[in-house]
Amino acid sequence: MPNPSQSEFLWFLQLSRDGEYIGTREKPPRKPTLPYISSLIETAGEAGFDALLTATNYHSEHENYTAAVAALARTAATDPALLIAVRPGMFHPAMYAKMLATLQNLFPGRVRLNIVTGSSPAENAMYGDNEDHARRYERTREFMTILRQLWTQPPPQSFKSELYSFDKAVLDPAPVQPIPLYFGGASPVAQQIAADLADVYLMWGEREDMLAERLSQMRALEEQTGRKLRYGLRTHVIVRETEAEAHAAAERLISRVDPAVRAAFVASYAHVDGVGQQRQIEMLSGVGADLMVEPGLWAGVGMARSGVGVALIGSPEQVAAKIRRYEEMGFSSFIFSGYPHLEESRRFGELVMPLLKGRAEELRVIHSDEVAPVA
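Note that the structure is predicted; figures quoted are calculated from it, not measured.

Draft legend 1. Geometry of the overall build of the chain. The helix and strand tally for the chain stands at 13 helices and 14 strands. Residue burial in the chain is summarised as follows: out of 375 residues, 55% are buried. Long-range contacts, defined as pairs at least 24 residues apart, comprise 75% of the intrachain contacts of the chain with a sequence gap of at least 6. Considering the chain, the positive charge centre built from 38 side chains and the negative charge centre built from 46 side chains are found 4 Å apart.

Have a look at this one:
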């Protein structure tokens, strides 16, 4: 079992309006100003988080690379790193390799990269990307390959394919520190790319049996490639002093979901071709009235949010115990979020982080239903 200190904990850097409710027609009250974005980073650092994820999607109010540069410049060198998401269809990899190398050299140790192939053709089209699923993953492989090439091989470097071409590119200086590549995807082609090129393979929260199956598949690919990966898990989290308070907070979070918003959200499922998103949709469609997927995992966020739709839920001891189970399975990178993000990052830091980073004995599972062992 991994030592607690070996795991890394990330929070989500909200680049859209933030608030206490999801799924409403009303805009959340808190604007993503640079001071607020910076305060999120600073608060997450005080709470014990190692980095924050900046997502890339059509509904964010800010373009994430620009926001990341501004936030890194405004915050201190000792504040957490940023895991910057990028869609390969949006940038030429030779140029993006230079952009990220520059950022890492200006802010040493504070830059990580999350490669996002994209699960919705309709959303990709908003950015001018009309490639199908197979072509997007072919492009992702080449994008990651080129980043590795330019960051690690001496200049000049050249590359030529149907997708990308450059001649005698010079990237000098190279990144002062390696830039870790995070990558997720549930399809076989995505898993193979991760095994070949990623440093951290990310999964969205699912039932433990589903996660165990994915881990088994990836470990088989590790054997074939001779590479070792780290495994990361992305979920929301709702923690309160007691289990009852946590469930009350969860109900409050979705208490203003507008039926029209919900209907439009369900209709958007028709445009999804990503396997990971399809797995979320299928899993969430099978939950009961309490919206519990399994003990400690609540599906209510999926009522009004795409991407990962589940949240860890419970008392500090319950949430920490659930994370410990994930560590036992092999996960060592965790990306959490909660609404509103500033207050919830502080709450997690106060209630859960001490149990994860400073405990002296094994946590016991405190739950009304004991969690079954993973086969």
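Structure shown, so let's carry the discussion forward.
Draft legend 2. Molecular detail of the packing of aromatic side chains. Summed over the entire model, instances satisfying the criterion amount to eleven aromatic pairs. Between W11 and F49 the ring centres are 5.2 Å apart and the planes differ by 50°, which places this aromatic pair in the tilted class. With W11 in strand 1 (residues 8-12) and F49 in the loop between helix 1 (34-47) and strand 2 (51-54), this pair connects stretches of sequence that are 38 residues apart. The residues W11 and F49 share a single accessibility class, namely buried. Every member of this aromatic cluster is reached through a ring pair, and the members are F9, W11, F49, F334, F336 and F348. Here the guanidinium or amino end of R256 rests over the ring plane of Y21, the centre of that ring lying 3.9 Å away.

Draft legend 3. Looking closely at the pattern of salt bridges. Tallied over the full model, the rule gives 19 salt bridges. E162 is paired through a salt bridge with R135; the nearest N and O atoms lie 3.8 Å apart. Of this pair, E162 sits in the loop between strand 5 (157-160) and strand 6 (165-169) while R135 is found in helix 5 (residues 133-152), placing the two residues 27 residues apart along the sequence. The exposed category is assigned to E162, whose relative accessible area is 71%. Close ionic contact of E327 with R324 constitutes a salt bridge, the shortest N to O distance being 1.8 Å.

Draft legend 4. Broad picture of the side chain of S333. Within the fold, S333 resides in strand 14 (residues 331-335). Side chain to side chain, S333 and E8 meet in a polar contact 2.6 Å long. Those residues in contact with S333, other than ones at most four positions away along the chain, are E8, L10, Y182, V200, R230, Y231, G232 and L233.

Draft legend 5. Quick look at the sheet that holds strand 14. Spatial strand order, 1-2-3-4-7-8-9-14: eight strands in a closed barrel with parallel pairing. When the angles between neighbouring strand axes are averaged without regard to direction, this sheet yields 30°. As paired strands, strand 2 and strand 3 (residues 81-86) are joined by four bridges and run parallel to one another. Following the sheet pairing, A51 is matched in strand 3 by A81. In the packing of helix 2 (residues 64-74) onto the sheet, the strands contacted are strand 2, strand 3 and strand 4 (111-115), and the crossing angle to strand 3 comes to about 165°.

Calculation rules
- Residues numbered from 1 in each chain as written.
- Predicted model: local features only at pLDDT ≥ 70, side-chain atom pairs only at ≥ 80, totals over all residues.
- Heavy atoms only, no water.
- Helix = DSSP H or I, 4+ residues; strand = E, 2+ residues; numbered from the N terminus.
- Buried < 20%, exposed > 50% of the residue type's maximum accessible area, 1.4 Å probe, protein only.
- Contact = heavy atoms within 4.5 Å.
- Lys, Arg positive; Asp, Glu negative; His and termini not counted.
- Charge placed at Lys NZ, Arg CZ, Asp CG, Glu CD.
- Phe/Tyr/Trp six-rings, centres within 6.5 Å; stacked < 30°, edge-to-face > 60°.
- Lys NZ or Arg CZ within 6 Å of the ring centre and 35° of its normal.
- Salt bridge = Lys/Arg side-chain N within 4 Å of Asp/Glu carboxyl O.
- Polar contact = N/O pair within 3.5 Å; in protein donor to acceptor, adjacent residues only side chain to side chain.
- Pairing = 2+ DSSP bridges.
- Axes fitted to C-alpha atoms, helices over the stretch in contact; angles between N-to-C directions.

Just distances and angles here, no functional claims.
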